[in-house]
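# Results of the structural survey
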Amino acid sequence: QVQLVESGGGLVQAGGSLRLACAASGLTFSSYDMGWFRQAPGKERAFVAVINYNGGSTSYADSVKGRFTISRDNAKSTVYLQMNSLEPEDTAVYYCAARYRTNPRYDYWGQGTQVTVSS
């Protein structure tokens, strides 16, 4: 079955950096757009970034533009989220998700990884 497993979360001070990874299995990774979402306590899950199936196109939420970078390695079936200049407002559970390139919705989700940014 399809599995998306996030890693790389943790506790970091404001201004610091973290790199999240999401390893996919059970699907043809190179056929899927990959997204990152986050959910802060008491808030709804929100879009963070997306990269298309071949890595040729990316899009970011306004709140993370210029600070976060999404990338992928199709040979390793892994998508990454490099997070720099972290702020306490970035504290959330971060989820990766896979969307077949013709679908409007995400088909598969990971279990999430906690990111906590202290002030």
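Cut-offs used in this document
- Residues numbered from 1 in each chain as written.
- Predicted model: local features only at pLDDT ≥ 70, side-chain atom pairs only at ≥ 80, totals over all residues.
- Heavy atoms only, no water.
- Disulfide = S-S within 2.5 Å.
- Helix = DSSP H or I, 4+ residues; strand = E, 2+ residues; numbered from the N terminus.
- Buried < 20%, exposed > 50% of the residue type's maximum accessible area, 1.4 Å probe, protein only.
- 1 Å grid on protein atoms, 1.4 Å probe; cavity = no way out; pocket = protein on both sides within 12 Å on 5 of 7 lines; lining within 4 Å.
- Points joined across faces, edges and corners; volume = space filled by probe spheres on them.
- Nonpolar A, V, L, I, M, F, W, Y, C, P; charged D, E, K, R; others polar.

## Digging into the state of the cysteines
- A full pass over the atoms with the stated rule returns one disulfide.
- Disulfide partner of Cys-22: Cys-96, at an S-S distance of 1.9 Å. Handedness of the Cys-22-Cys-96 disulfide follows from its S-S torsion of about 45 degrees: it is right-handed. Remark: Cys-96 occurs in strand 9 (residues 92-100) and Cys-22 occurs in strand 3 (residues 18-25); sequence separation between them is 74 residues.
- Of the residues examined, Cys-22 reaches a relative accessible area of 0% and is grouped as buried.
- Judged by its relative accessible area of 0%, Cys-96 is buried.

## A few points about the layout of surface pockets
- Of the voids in this model, the largest pocket is the one considered here, and its volume is about 160 Å³.
- The wall of the largest pocket is formed by Arg-38, Gln-39, Ala-40, Lys-43, Glu-44, Ala-46, Pro-88, Glu-89, Thr-91 and Ala-92.
- Looking at the lining of the largest pocket residue by residue, the class counts come to four nonpolar, two polar and four charged.

By themselves these figures say nothing about function.
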